[in-house]
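Take a look at the letters that make up each chain.
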Number of protein chains: 2
Amino acid sequence: MEQKIEQLLRDSRLHNRIVSEETAASWINDGMTLGLSGFTRAGDAKAVPSALVDKAKQENVKVNVYTGASLGSDIDRIMADAGIVHKRLPFQADSTMRREINHGDMLFVDQHLSHTAEALRQDALNPVDFAIVEAISITENGEIIPSTSVGNSSIFVEKAEAVIIELNLAQPAEMEGLHDIYEAGEQGNREPIGLKHVDDRLGSKGIPVDIEKIKGVVITNQADSPSTIVPPDEETAVMANHLIDFLRKEKELGRLPDNLAPLQSGIGSVANAVLHGLLDSEFTDLEVYSEVLQDAVFDLMDAGKIRFASGCSITLSETKIEEVYADMNKYRDRLMLRPQEISNHPEIIRRLGLISINTPIEVDLYGNVNSTHILGTEMMNGIGGSGDFTRNSRLAIFVTKSIAKRGDVSSIVPFVSHVDHTEHDVDVIVTEQGYADLRGLAPTERVPLIIEHCAHPMYREQLYAYYKEACEQGGHTPHLLEKAFSWHTNFAKNGTMLEKSTLGV
Amino acid sequence: MEQKIEQLLRDSRLHNRIVSEETAASWINDGMTLGLSGFTRAGDAKAVPSALVDKAKQENVKVNVYTGASLGSDIDRIMADAGIVHKRLPFQADSTMRREINHGDMLFVDQHLSHTAEALRQDALNPVDFAIVEAISITENGEIIPSTSVGNSSIFVEKAEAVIIELNLAQPAEMEGLHDIYEAGEQGNREPIGLKHVDDRLGSKGIPVDIEKIKGVVITNQADSPSTIVPPDEETAVMANHLIDFLRKEKELGRLPDNLAPLQSGIGSVANAVLHGLLDSEFTDLEVYSEVLQDAVFDLMDAGKIRFASGCSITLSETKIEEVYADMNKYRDRLMLRPQEISNHPEIIRRLGLISINTPIEVDLYGNVNSTHILGTEMMNGIGGSGDFTRNSRLAIFVTKSIAKRGDVSSIVPFVSHVDHTEHDVDVIVTEQGYADLRGLAPTERVPLIIEHCAHPMYREQLYAYYKEACEQGGHTPHLLEKAFSWHTNFAKNGTMLEKSTLGV
Ligand SMILES: CC(C)(COP(=O)(O)OP(=O)(O)OC[C@H]1O[C@@H](n2cnc3c(N)ncnc32)[C@H](O)[C@@H]1OP(=O)(O)O)[C@@H](O)C(=O)NCCC(=O)NCCS
Ligand SMILES: CC(C)(COP(=O)(O)OP(=O)(O)OC[C@H]1O[C@@H](n2cnc3c(N)ncnc32)[C@H](O)[C@@H]1OP(=O)(O)O)[C@@H](O)C(=O)NCCC(=O)NCCS
């Protein structure tokens with residue numbers, strides 16, 4: 001055995017358990033449930049799932065796949081293509097898998113990312129046969145050191161019948177020490193989670209495991225897939241400025257301290273771009289308590305704006321990966337990665353009073369938010385952690401461009417076609433048009449703010465027309481149920497939400 | 001001064017602040033914001049709001065009214081009738097007030113009951129001018145002992161410019177000692193909430209107050225209004241049995257201990273009746289961690305089934321009030337009343353792993369729940385604590401009769417006309433038809449369960465017809481947006497959700 005591997009597998013009992021990915025895959029049978037490491041393309045198990053896809057070419061294999069969140073390395077794509085997934089949870093973001101889900105060829109359970117661990121602990125899901133977890137090492141005291149994400153790996157390892165490790169030599173070994181693994185324990189027999197500041201350490205540096213449970217170790221050498229987000233543009237810069245204006249006013253009113261409050265920022269290009277906007281702001285000494293840490297967090301650290309960032313995964317663009325991994329020691333003391341149950345825990349989010357920034361698909365006149373379903377039916381990615389954060393944060397902010405599809409879609413609609421965040425949970429909506437602060441407002445007070453400050457001018461008249469007609473029928477939340485989804489059905493039929501009259505036809 | 005009053009107002013500085021309700025009301029000016037004690041008809045400020053309504057006959061007075069939850073003593077009714085309320089939050093349950101709200105004559109902000117205190121602490125709502133709080137005494141060390149509810153009283157007292165006490169001689173003085181007042185503190189600078197068991201005491205027996213802040217004390221002598229819930233009936237007994245069957249199976253599967261888990265039970269007749277059903281079950285040594293404690297909780301205590309109950313108010317029927325108050329000492333050591341922020345706190349609900357039982361207005365094929373809006377527009381009461389509990393509990397259960405309005409309304413619809421609890425948050429639906437356990441299921445797996453086990457037979461065919469047509473169009477969550485609300489619009493037009501064909505016309 002190479003010396004390097006011996007140094008990484010520090011419990012010698014593991015040395016004779018090194019197997020090929022094919023051997024590991026051969027243990028996986030039809031009908032099993034797998035718990036894979038991986039969160040937003042980071043730290044995913046890469047080799048064994050690929051080998052399983054190959055194996056499925058010879059024999060019938062269909063498995064349930066549980067993960068942290070979306071996988072990279074094309075794993076979700078090839079698994080979907082091969083049709084080997086019976087049920088997938090709690091989140092995905094792959095276009096092929098999305099197609100399978102929306103064709104009804106694959107079952108998908110869209111869960112709050114902090115809920116999966118509880119459901120497993122309660123035995124309310126199929127039990128996990130194999131946890132397949134990427135690691136950068138296994139310590140002498142029997143701890144698995146995860147790589148670029150923690151996700152649900154610790155609960156998978158705890159609950160699984162057996163564990164397969166993917167020891168990935170391509171991941172930065174310097175990450176050892178920056179994970180913080182904490183097991184919440186059984187409900188009803190549980191301590192308060194002691195975290196009071198974003199940089200508090202709660203638990204151990206690795207995932208405790210009974211070495212006998214590790215059935216095999218597969219050696220891999222493959223980097224994470226880089227993130228696919230697009231860089232900030234002029235419009236996202238405008239959105240960032242509106243957000244910063246809002247935060248500045250809150251500070252001036254004494255509602256926020258100078259360094260704001262710990263920030264959470266959602267997945268995707270828009271959330272990243274808006275966070276990026278803080279680079280040019282006066283705010284410093286910022287803290288992040290988030291889920292995935294994207295490029296913007298590291299840009300802000302480099303610029304001395306962010307003091308500390310806690311997350312559950314690191315997902316970077318190609319160039320940023322190189323920069324950060326080449327200089328990991330620079331970030332080590334200012335970073336912590338925790339299980340997603342902890343990064344997204346309502347107890348902590350509420351205690352710290354986070355500012356959460358997430359991206360919706362659409363928002364309605366009253367502030368209800370759709371984060372998941374295009375036209376109410378087609379799954380995009382999943383709710384992810386947006387519900388965990390939105391419900392419990394001090395300020396629940398949603399940022400989106402006011403239109404999509406070159407204006408054929410308005411992001412502000414009369415009635416969202418699917419509800420992921422109810423009006424009770426949404427504080428502020430930001431678009432390139434401005435922002436609407438909905439706190440403490442009754443439904444009818446929110447409408448003009450959202451139309452005037454968030455909707456695109458090309459849709460304002462149409463929104464007012466709906467609202468006025470709805471008001472004639474009355475109610476606390478005026479609606480025309482016959483027409484509530486007419487914008488969506490128009491788009492499906494005519495390719496645009498714009499009404500003919502507005503189009504001048 | 002009567003000796004009795006001296007014994008209750010133990011800080012002598014208060015003795016010369018006793019005023020009539022008219023005098024207290026004279027301090028309240030147009031445009032002010034009031035924080036009133038009161039939660040589900042219990043412990044509400046009674047005299048000063050009434051006097052304010054009288055005052056408003058002479059002069060223009062419009063105020064914002066914040067409370068714990070709904071008020072009794074007809075206060076919400078007479079305030080609404082007099083048109084003195086500009087904005088009301090976070091919950092109400094009065095038919096006159098409901099009418100005003102739905103006519104657009106009064107603004108109503110429907111909030112999670114655990115959120116109001118945070119919003120006040122953050123200064124995100126209008127500041128409170130007067131806290132008007134019912135008490136049974138004020139201690140020598142400057143604590144206000146609330147009466148039958150705590151609600152938001154402690155945060156109102158803390159944040160208000162001035163405090164008016166209604167010392168109610170009709171409330172049982174023996175309640176002193178069973179309140180537990182805890183202030184969460186500023187977000188970001190806050191300790192974990194130390195509660196690990198339903199009977200843990202966190203804070204003080206009264207609301208700490210700077211005596212100088214108390215501007216006046218009004219002496220009253222008026223009992224709470226009794227609850228208006230209707231007693232259990234044959235159908236609710238059947239529903240309770242389905243629920244107990246489910247809980248029994250969970251126990252047998254080792255997912256729940258013998259004494260289940262601390263129970264939360266929502267407001268209203270159905271939730272009370274279903275809890276009542278536990279009387280005839282094998283479960284003992286039960287614990288309650290809930291919001292309002294209704295008749296059933298005390299029946300279960302009397303029967304030796306409930307060991308301890310923590311809540312934030314006690315709301316009983318006429319006969320039960322007499323029984324319980326006549327024998328308060330019997331319950332003293334088995335009861336605790338806390339601020340609603342604590343009774344409904346996500347941190348505690350998640351830690352204890354509650355079983356929550358709430359009542360929806362309607363549920364859809366995919367498990368989304370409407371708790372608040374009739375036909376998507378008319379406010380019923382408000383979301384109350386149902387979101388606080390549902391999101392964070394171990395088992396989020398909703399119980400409802402499968403039909404309303406003698407069958408003209410199906411409680412199971414294709415698409416709920418308003419969403420208060422999303423499919424991510426709803427675990428089990430119970431009707432008199434049976435129960436559907438939705439945990440770990442994809443949307444299309446949930447549909448047949450909900451139709452077969454929850455929907456009324458008279459609506460099953462119609463539900464399947466919608467679903468089948470929707471499936472032809474596909475999607476992760478199949479829907480026909482053109483027809484999604486057709487059941488509601490049918491009801492509005494024809495007085496029934498039944499389609500003509502099904503009616504045989
Ligand atoms: C909503 C979400 C998809 C937006 O992602 P994003 O990368 O910032 O957003 P984009 O504006 O690039 O939109 C992504 C796609 O959705 C499309 N889209 C956006 N709004 C749309 C709408 N209302 N109707 C139809 N399509 C829409 C865009 O056109 C784009 O399509 P394309 O990929 O074909 O170009 C993403 O944030 C998400 O999945 N959120 C839910 C989970 C979440 O919030 N997690 C945060 C905590 S982790
Ligand atoms: C939903 C809620 C109104 C049900 O209350 P309840 O007393 O158990 O229920 P009932 O079955 O008696 O229904 C109350 C009324 O609503 C009507 N109703 C129920 N479902 C309906 C529907 N789908 N469409 C129209 N009306 C409906 C009933 O007919 C009844 O009307 P009536 O008063 O004219 O007879 C009540 O539980 C509530 O307000 N819930 C939201 C807040 C909450 O859950 N709090 C719990 C934590 S505190």
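Residues numbered from 1 in each chain as written. Chains lettered and ligands numbered in written order. Predicted model: local features only at pLDDT ≥ 70, side-chain atom pairs only at ≥ 80, totals over all residues. Heavy atoms only, no water.

A few words now on the relation of the copies chain B and chain A. Placing chain B over chain A gives an RMSD of 0.0 Å and needs a rotation angle of 180 degrees, together with 0.0 Å of translation along the axis. Here the copies are linked by what is in effect a two-fold axis. Residue Glu347(B) of chain B places its C-alpha closer to the rotation axis than any other residue of that unit, at 2.1 Å. (Least-squares fit on C-alpha atoms with pLDDT ≥ 70 in both.)

Residue and element names in this part refer to chain A. Domain boundaries assigned for chain A yield domain 1 (1–220) and domain 2 (234–494). Taken together, the contact pairs 52 residues of domain 1 with 46 residues of domain 2. When domain 1 packs against domain 2, close to 3800 Å² is buried across both sides, 58% of that on carbon and sulfur atoms. The largest share of the area that domain 1 buries against domain 2 comes from Leu-178, Ile-193 and Val-198, three residues that together contribute 19% of it. For the pair domain 1 and domain 2, the number of links is three salt bridges. For Glu-341, the salt bridge identified is with Arg-121, shortest N-O distance 2.7 Å. Counting every contact that joins domain 1 to domain 2 gives 30 residue pairs in polar contact (both at pLDDT 80 or more). Top contributing element to the side of domain 1 that touches domain 2 by residue count: helix H6 (residues 115–121), with four residues. (Domains from an automatic or database assignment. Contact = heavy atoms within 4.5 Å. Buried area = accessible area lost by both parts, 1.4 Å probe. Salt bridge = Lys/Arg side-chain N within 4 Å of Asp/Glu carboxyl O. Polar contact = N/O pair within 3.5 Å; in protein donor to acceptor, adjacent residues only side chain to side chain. Helix = DSSP H or I, 4+ residues; strand = E, 2+ residues; numbered from the N terminus.)

Quick look at the UniProt feature "domain: Acetyl-CoA hydrolase/transferase C-terminal" (unreviewed entry) in chain A now. Summarizing the sequence annotation, UniProt attributes the feature "domain: Acetyl-CoA hydrolase/transferase C-terminal" (unreviewed entry) to residues 323–466 of chain A in the numbering used throughout. This span, residues 323–466 of chain A, is 33% helix and 24% strand, and a straight line between its end C-alpha atoms measures 51 Å. (UniProt positions renumbered as here; feature names shortened; annotations may be inferred.)

Below, the discussion takes up the sheet that holds strand S18 (residues 369–370) of chain B. All names here are of chain B. Spatially, the three strands line up as an open sheet ordered S18-S17-S24, and their pairing is mixed. Whereas interior strands pair on both sides, the edge strands pair on one side only; in this sheet they are S18 and strand S24 (412–413). In the sheet, strand S17 (residues 362–364) pairs with S24 via two bridges, with the strands oriented parallel. Looking at S24, one finds that Asp-364 is bridged to Val-413. (Pairing = 2+ DSSP bridges.)

In this section: the UniProt feature "active site" (unreviewed entry) in chain A. Residue and element names in this part refer to chain A. Summarizing the sequence annotation, UniProt attributes the feature "active site" (unreviewed entry) to Glu-291 in the numbering used throughout. Relative accessible area serves as the criterion here: at 6%, Glu-291 is assigned to the buried category. In contact with Glu-291, not counting residues within four places along its chain, are Phe-39, Leu-113, Ile-267, Gly-311, Cys-312, Ser-313, Ser-343, Asn-344, Gly-384, Gly-385 and Phe-389. (Buried < 20%, exposed > 50% of the residue type's maximum accessible area, 1.4 Å probe, protein only.)

Using the criterion set out here, one finds 84 salt bridges over all chains in the structure. Between Lys401(A) and Asp233(A) there is a salt bridge whose closest N-O contact spans 3.0 Å. Taken together, the positions of Lys401(A) in the loop between strand S21 (395–399) and strand S22 (403–404) and Asp233(A) in the loop between strand S9 (214–220) and helix H8 (234–252) put the pair 168 residues apart, joining distant regions of the chain. Here Asp425(B) and Arg391(B) are joined by a salt bridge, their closest N and O atoms 2.9 Å apart. Pair noted here: Asp425(B) is in the loop between S24 and strand S25 (428–431) and Arg391(B) is in helix H15 (residues 386–392), with a separation of 34 residues, a long-range link. Among the residues examined, Asp425(B) registers a relative accessible area of 4% and is labelled buried. Several salt bridges converge on common partners, so that one network encompasses Glu118(A), Arg121(A), Glu183(A), Arg190(A), Glu341(A) and Arg350(B).

Residue and element names in this part refer to chain B. Residues in close proximity to ligand 2 total 22 residues, the closest being Glu-291, Asn-358, Ile-361, Asn-381 and Lys-405. Between ligand 2 and Ile-361 there is a distance of 3.1 Å, counted from a nitrogen atom to a backbone nitrogen or oxygen. Asn-381 has a polar side-chain atom sitting 2.6 Å from an oxygen atom of ligand 2. Isolated, ligand 2 exposes 960 Å² of accessible area, and the fraction of that covered by the protein chains is 76%. A per-class count over the shell around ligand 2 returns nine nonpolar, eleven polar and two charged. (Near = heavy atom within 4 Å. Areas by Shrake-Rupley, 256 points an atom, 1.4 Å probe, with all protein chains shown as cover. Nonpolar A, V, L, I, M, F, W, Y, C, P; charged D, E, K, R; others polar.)

Our next topic: the environment of Ala240(B). Residue and element names in this part refer to chain B. Within the secondary structure, Ala-240 sits in helix H8 (residues 234–252). For Ala-240, a relative accessible area of 1% puts it in the buried group. Separated by 33 residues in sequence, Ala-240 and Ala-273 place their C-alpha atoms 7.5 Å apart. Setting aside residues no more than four positions away along its own chain, Ala-240 makes contact with Val-274 and Gly-277.

This part covers the side chain of Asn102(B). With respect to the helices, strands and loops of the structure, Asn102(B) is situated in helix H5 (residues 95–102). Among residues more than four places away in sequence, those in contact with Asn102(B) are Gly474(A), Gly475(A), His476(A), Thr377(B), Glu378(B) and Met379(B).

Residue and element names in this part refer to chain A. Inspection of the region around ligand 1 gives 22 residues, with Glu-291, Asn-358, Ile-361, Asn-381 and Lys-405 positioned closest. The separation between an oxygen atom of ligand 1 and a polar main-chain atom of Val-270 is 3.2 Å. Asn-381 is positioned with one of its side-chain polar atoms (N or O) 2.6 Å from an oxygen atom of ligand 1. Starting from 960 Å² of accessible surface for ligand 1 in isolation, the protein chains cover 75%.

What follows covers the sheet that holds strand S24 (residues 412–413) of chain A. Taken in spatial order, the three strands line up as S18-S17-S24 (chain A) in an open sheet, and their pairing is mixed. Strands at the two margins of the open sheet, each flanked by one partner only, are strand S18 (369–370) and S24 of chain A.

Contact residues are listed per partner, giving 72 residues for chain B and 72 residues for chain A. Interface area, chain B with chain A, both sides summed: about 6200 Å², of which 52% is carbon and sulfur. For the chain B face of the interface with chain A, the top three residues by lost area are Arg350(B), Arg391(B) and His476(B), together amounting to 14%. Scanning the region where chain B abuts chain A turns up 44 residue pairs in polar contact (both at pLDDT 80 or more). Secondary structure elements with two or more residues in the side of chain B that touches chain A: H5, strand S4 (107–108), helix H6 (115–121), helix H14 (346–352), strand S20 (378–379), H15, helix H16 (443–453) and helix H18 (486–494) of chain B. Broken down by element, the side of chain B that touches chain A gets its largest block of residues, five residues, from H14(B).

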